[in-house]
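Structure at a glance
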Amino acid sequence: MPMKGRFPIRRTIEYLQKSDIFFKNTVKIMTVNYNTHGELSEGARKFVFFNVPQIQYKNPWVQVVMFKNITPSPFLRFYLDDGSQVLVDTEGKTNKEILQHVKKILGKPEEVLRAEELAKMVHSNPANFGPQKYFPRECMCEMEGQVPCPGLIPLPKEMRGKYKMQAEAEDA
Amino acid sequence: MFGVVSVRTAPLFRLLSPTCFQAVTVRGRKSRNDPKAKSKADRVKVPPPVDLAEMVVLKERFTQYELIIRALRAEFKEEMLCQRYEEEVGSLAEEKARHETEQHRMLMAWNDAENERLRKLREHRVKQEQEQEELKTLQVALALEKRMEEYIKEKELEILTLQEESKNFITLDNLEQRIEDALDNPKNYNFAIDKEGRIVKRTEQK
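The structure reproduced in this document is the subject of the present report. The model shown is predicted, which means the values in this text are computed figures rather than measured ones.

Moving on, we get to the interface of chain B and chain A. In this complex, chain B contributes 15 residues to the contact, which on the side of chain A involves 19 residues. Summed over both sides, the interface between chain B and chain A buries roughly 1,600 Å², with carbon and sulfur atoms accounting for 60% of that surface. For the pair chain B and chain A, the interface holds four salt bridges. Connecting chain B to chain A are seven residue pairs in polar contact (both at pLDDT 80 or more). Residue composition of the side of chain B that touches chain A, grouped by class: seven nonpolar, four polar and four charged.

Together, Ile170(B), Leu172(B), Leu175(B), Ile179(B) and Leu183(B) give the surface a local cluster of nonpolar side chains, amounting to about 550 Å² of exposed area. Following the sequence through the fold, Leu175(B) ends up in helix H4 (residues 175-184).

Further remarks concern the sheet that holds strand S4 (residues 85-89) of chain A. Residue and element names in this part refer to chain A. Judged by pairing direction, the sheet is mixed, and its four strands sit side by side in the order S2-S1-S3-S4 without closing on themselves. Every interior strand has two partners, whereas the edge strands, strand S2 (63-68) and S4, have only one. Between one strand axis and the next, the sheet turns by 15° as a mean value, whatever way the strands run. Two elements, strand S1 (residues 27-34) and S2, share six bridges in a ladder whose sense is parallel.

Here the focus is helix H3 (residues 95-106) of chain A. Taking 1.5 Å per residue, twelve residues should reach 16 Å; H3(A) reaches 16 Å between its end C-alpha atoms and fits that length. For H3(A), the complete set of buried residues consists of Asn95(A), Ile98(A), His101(A), Val102(A), Ile105(A) and Leu106(A). Mapping the buried residues of H3(A) onto a view down its axis gives an arc of 125°, with all of them on the same face. Residues of H3(A) that are exposed and point over 90 degrees away from its buried face: Lys96(A) and Gln100(A). In this structure, the buried residues of H3(A) make contact with S1, helix H2 (42-58), strand S3 (75-80) and S4 of chain A together with helix H3 (91-166) of chain B.

About the cut-offs
Here the residue numbers are simple positions, counted from 1 along each chain's written sequence. All chains are assigned letters beginning at A, and all ligands numbers beginning at 1, according to the order in which they are written. Reporting in this predicted model follows two pLDDT cut-offs: at least 70 for local features of residues, and 80 or more for side-chain atom pairs to be given and counted; totals over whole chains, interfaces and linings ignore these cut-offs and use all residues. Side-chain figures throughout are based on the complete set of non-hydrogen atoms in the structure, without hydrogens or water. Working rule for contacts: check all heavy atoms of both residues, and any pair within 4.5 Å makes them a contact. Defined in terms of a 1.4 Å probe, buried area is the accessible area two parts forfeit on being brought together, summed over both. The salt bridge definition used is simple: a Lys or Arg side-chain nitrogen within 4 Å of an Asp or Glu carboxyl oxygen. Polar contacts here mean pairs of N or O atoms no more than 3.5 Å apart (in protein, one a potential hydrogen donor and the other a potential acceptor; neighbouring residues in sequence count only if both atoms are side-chain atoms). Three residue categories are used. Nonpolar comprises Ala, Val, Leu, Ile, Met, Phe, Trp, Tyr, Cys and Pro, charged comprises Asp, Glu, Lys and Arg, and polar comprises the others, including Gly. Candidate patch residues must exceed 30% relative accessible area and have no salt bridge, after which like charges are joined if within 9 Å and Val, Leu, Ile, Met, Phe, Trp or Tyr side chains if within 5 Å. The method behind every accessible area is Shrake-Rupley, applied with a 1.4 Å probe, and residues are considered shielded solely by the protein chains displayed. Numbering of helices and strands runs from the N terminus, with a helix taken as a DSSP run of H or I at least four residues long and a strand as a DSSP run of E at least two residues long. Paired strands, as defined in this entry, are two strands with at least two bridges between them according to DSSP. A fitted line through C-alpha atoms serves as each axis, taken over the contacting stretch for helices, and the angle formed by two N-to-C directions is quoted from 0 to 180°. Here a helix's expected span is defined as the number of its residues, less one, multiplied by 1.5 Å. Throughout, exposure labels follow a simple rule: accessible area from a 1.4 Å probe, protein chains only, divided by the maximum for the residue type, with under 20% read as buried, over 50% as exposed, and the rest as partly exposed. The directions considered for the arc run from the helix axis to the C-beta atoms.

As structure tokens, this is what we get:
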């Protein structure tokens, strides 16, 4: 089945996960004003076409709104939860420059991301046993080199309580 | 643990023996209404034998052990809660918040500087465009004026040549004079010319 659209790679999960911009918790809305024609808006157009899906994928709780041909020059505007607004002028910039600029001013820094990842790992300890949905393994019998599940392969007689009791009774 | 009983060179199956563990009341294989097995019909369940002296000693030791373990657990829990409190509400959180606001302020300042730079560029570009527009309109106006002037000059020249020619016009006054002149001076147009325009051959007019 052929892929749909002009740059169908934008619809792949791998492409969407490539982005490393995680907005700070204070950012609620991102607004992009750009024009459909004009050399100066080219960077903003490319940003909207290629990078906004990635950003939205990584920040599902941030509202992203696009406005076309309203103002003569392109810009981005961020609305924070304390009511303040951040204006980012994008006239004449390429989409990569816009991305780096946005990451610098409103993206979570590397240390914070790493700390959050560690905190998340603490809660999900891979050494725990439990249901298949949440943990790597349910029972030790699944592991190679361990005693296999007695439900599938009966244990040898020496390991079964029945025979051990019988043996003790006989001894006695 | 008390009385390290497990230090013996017993084979693995003994260590794994169910008598080492607590009995768990789980129905397991059989459901609620299944009868007791025939082989177990005469079985009398007997609780495990208890040595009184051992029990006293064990109870004593167990209480001490559990006391210690409970104290340790409470200690660790307290430490963890303290740390979490510090992180969320205490001085650490305040420090972090202060640092974050400071960082945010700096980044906003940097962003404003960047916007300012772009604004200056934009103003410069707009000014240049305006100047070019003005120059263009000026040039168009000049060209138009020049064309008008040339047109006027051309027309004036035409008028002058016409005035010059009008001196040779035949009017009612000099009509008869001109007729006399034409009859006295007959013109002969019977000639041939070559490619350069020079007259080559003349034929006599009869």
